[in-house]
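Structure at a glance
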Amino acid sequence: MQSIVITRVQEADYIQRCLKNPVKMIFWELPSSVKLLNDVVWEQVSCVVVAIKDKTMRWEIMEWASNYISDGLILDFWRIYNATIPYRRTDRVLMNPRISSFEGLVLGLSHAEVGLISDVFEIPFANLSVSAQDIYYNYKTLKYAVENYHHKLQNVKYVIIDMFRYTYFNYDASKSRSALRYYQWSGIFDDAHYFDEEKCKALKDEIFGKRFEGITEHKLDLWRQVFCDVHQVDDYKDFETFPTIYRRNQVVDDNAVLEYDYNKSIVRKRFDDTIQENIEYFKKMLLLIKELWPEARITVLLMPLYELALKQSESLYDGWKQEFEGIMQEMQKVVEFEYLDYTYHDISKKKQYWQDFEHLNYPGAICFTQEINELLFKKTF
């Protein structure tokens, strides 16, 4: 029995490096492929793997192949590749076999997710930030990480907590419009918090149902017979906080910044229960960090924002800033940490470093992470 891999010339190098044993390789775009396929004795074929990134082309070839061989023996390379990448951000980062031990940890939301790049730091950093992640889910992420990957987090010496803006204590992801997106963006969806538990479970089932739809155990067995660890061959490039961050090279559109409505509900409305609960969970998070890593340097960070956006919105945050800083002062009495308000950092003035009004683009993130790295390793705390 033989396996057939259908791919394209420009994709062949990686596919060939993934193979355990020699197979019949057919390059679809070459005229010779037709003769090679006509010569195939299909009764002697154990499986056909279609390894082409173009989805439309891939699906058409798979449909064509189904005329000769059972659907159960046709493998979609890139679907199985993606399905075998851990979905949850924390798992994806901490399961990465390239890094045996992390010395730094980042918790937060999208601003740190795309604004702090782990590879820039001098030591191994695990950036567990997820877009729309609130204080409660930061705490839950920390607990999950330690409970499941303690062996990789025993030597943590630095913890950075991204706190967004002065309204962060007034924000609850599970009560917001971002709730579903947070779970979809690979956040903590085993705990719905105040979100509808049935909807959360249904979303989880849908996500994993789609990821593994049509991928049977038999197909996975065939996959393992044909391929080695495809992610190792790829140097685990998808086991990152934001694997395609290098593509974030747009420059902010000032017109969009001027038209944006900054007076969101967490700015114009006060949610006292949410604030009190977040203070408690922030305190729990600090105490847990101190218990786990007594000597760790804790940095609470407000990420910078684009200057034009600051001018448009700063008056809305005056009262919130005073309250936020008061909470910081009280928390510093409980656990020692440094508080860095970089809202008005110099990088705010450099338009070329901004993807949008609140997120750095890739060049901006490199520059900002370099500065944070300098601060951590050159400055005494």
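Details of the structure are given in the entry above.
Now for a look at the structure at hand. (Residues numbered from 1 in each chain as written. Predicted model: local features only at pLDDT ≥ 70, side-chain atom pairs only at ≥ 80, totals over all residues. Heavy atoms only, no water.)

Quick word on helix H3 (residues 55-65)
Three or more residues of H3 are buried, namely Arg 58, Ile 61, Met 62 and Ala 65. For H3, the angular spread of buried residues about the axis comes to 100 degrees, placing them on one side. Looking at H3, the residues exposed on the side facing more than 90 degrees away from the buried face are Glu 60 and Glu 63. Residues of H3 that are buried make contact with strand S1 (2-7), strand S3 (45-51), strand S4 (74-76) and helix H4 (77-83). The N-cap residue of H3 is Asp 54: its side-chain oxygen and the backbone nitrogen of Thr 56 are 3.2 Å apart. (Buried < 20%, exposed > 50% of the residue type's maximum accessible area, 1.4 Å probe, protein only. Helix = DSSP H or I, 4+ residues; strand = E, 2+ residues; numbered from the N terminus. Arc of directions from axis to C-beta. Contact = heavy atoms within 4.5 Å. Polar contact = N/O pair within 3.5 Å; in protein donor to acceptor, adjacent residues only side chain to side chain.)

Describing the environment of Phe 164
Mapped onto the elements, Phe 164 comes out in the loop between strand S7 (158-162) and helix H8 (179-184). The exposure class of Phe 164 is buried, given its relative accessible area of 16%. Residues Phe 164 and Met 303 lie 139 residues apart in sequence; the distance between their C-alpha atoms is 6.2 Å. In contact with Phe 164, other than residues within four places in its own chain, are Leu 109, His 111, Ile 266, Leu 301, Leu 302, Met 303 and Glu 358.

Points about the packing of helix H7 (residues 135-149) against helix H14 (residues 272-292)
Running from amino to carboxyl end, H7 crosses H14 at an angle of 25 degrees, the nearest separation of the two axes being 8 Å. By the angle between their axes, H7 is roughly parallel relative to H14. Seen from above, H7 lies across H14 with left-handed handedness. The segment H7 lies against H14, with Ile 135, Tyr 136, Asn 138, Tyr 139, Leu 142, Lys 143 and Val 146 engaging Asn 278, Tyr 281, Phe 282, Lys 284, Met 285, Leu 288, Ile 289 and Leu 292. Counted by class, the contact of H7 with H14 contains 11 nonpolar, 2 polar and 2 charged residues. (Axes fitted to C-alpha atoms, helices over the stretch in contact; angles between N-to-C directions. Parallel < 35°, antiparallel > 145°, perpendicular 65-115°, else oblique. Left-handed = near helix turned anticlockwise from the far one by under 90°. Nonpolar A, V, L, I, M, F, W, Y, C, P; charged D, E, K, R; others polar.)

Observations concerning empty space enclosed by the protein
Under the criterion given, the structure shown has 1 cavity of 30 Å³ or more. Space inside the largest cavity adds up to approximately 30 Å³. Around the largest cavity, the lining residues are Tyr 166, Phe 169, Ile 275, Trp 320, Glu 323, Phe 324 and Ile 327. Per-class residue counts for the lining of the largest cavity are 6 nonpolar, no polar and 1 charged. (1 Å grid on protein atoms, 1.4 Å probe; cavity = no way out; pocket = protein on both sides within 12 Å on 5 of 7 lines; lining within 4 Å. Points joined across faces, edges and corners; volume = space filled by probe spheres on them.)

Focus on a positive patch on the surface
Together, Arg 177, Lys 264, Arg 268 and Lys 269 make up a region of like positive charge exposed at the surface. With respect to the secondary-structure elements, Arg 177 resides in the loop between S7 and H8. (Patch = residues over 30% accessible without salt bridge, like charges linked within 9 Å, V, L, I, M, F, W, Y side chains within 5 Å. Areas by Shrake-Rupley, 256 points an atom, 1.4 Å probe, with all protein chains shown as cover. Salt bridge = Lys/Arg side-chain N within 4 Å of Asp/Glu carboxyl O. Lys, Arg positive; Asp, Glu negative; His and termini not counted. Charge placed at Lys NZ, Arg CZ, Asp CG, Glu CD.)

Focus: the nonpolar core
Within the largest apolar cluster, 64 residues are counted, with the highest numbers of intra-cluster contacts made by Ile 161, Met 163, Phe 169, Phe 282 and Trp 293. With 9 residues, H7 is the largest single contributor of residues to this core. Each residue touching Phe 282, except ones within four places of it in the same chain, is listed here: Ile 135, Ile 161, Met 163, Phe 169, Val 300, Met 328 and Met 331. In terms of nonpolar packing, the next biggest core, distinct from the first, is built from 31 residues, Ala 112, Ile 117, Trp 354 and Phe 357 among them. (Core = buried A, V, L, I, M, F, W, Y, C linked by side-chain atoms within 4.5 Å.)

Brief notes about the sheet that holds S3
Ordered in space as S2-S1-S3-S4, the 4 strands form an open sheet in which the pairing is parallel. At either end of the open sheet lies a strand with only one pairing partner, and these are strand S2 (24-27) and S4. Ignoring strand direction, the axes of neighbouring strands in this sheet form an average angle of 20 degrees. H3 rests against S1, S3 and S4 of the sheet, and its axis sits at about 175 degrees to S4. The strands touched by helix H10 (residues 217-226) are S1, S3 and S4; relative to S4, the strand with the most contacts, the crossing angle is about 75 degrees. (Pairing = 2+ DSSP bridges.)

Comments concerning the sheet that holds strand S5 (residues 104-107)
What the 5 strands build is an open sheet, ordered S6-S5-S7-S8-S9; its pairing is parallel. Among the strands making up the open sheet, the edge pair consists of strand S6 (125-127) and strand S9 (338-341). Pairs of neighbouring strands in the sheet enclose a mean axial angle of 15 degrees, with direction left out of account. Where S5 lies against S6, 3 bridges are found, and the strand directions are parallel. By the bridge assignment for S6, Val 106 is matched with Asn 127.

Focus: the side chain of Asn 138
By the element assignment, Asn 138 lies in helix H7. Classification of Asn 138 as buried rests on a relative accessible area of 0%. A distance of 3.1 Å separates polar atoms of two side chains, one belonging to Asn 138 and the other to Tyr 168. Discounting chain neighbours no more than four positions away, the residues touching Asn 138 are Leu 107, Gly 108, Gln 133, Asp 162, Tyr 168 and Met 285.

Observations concerning the side chain of Thr 241
Among the secondary structure elements, Thr 241 is positioned in the loop between helix H11 (230-233) and helix H12 (254-259). Look at Thr 241 and you get buried, because its relative accessible area is 9%. A polar side-chain atom of Thr 241 sits 2.7 Å from the main-chain carbonyl oxygen of Asn 127. Setting aside anything within four residues of it in sequence, one finds Thr 241 in contact with Arg 89, Arg 92, Val 93, Glu 113, Ser 118, Asn 127 and Ser 129.

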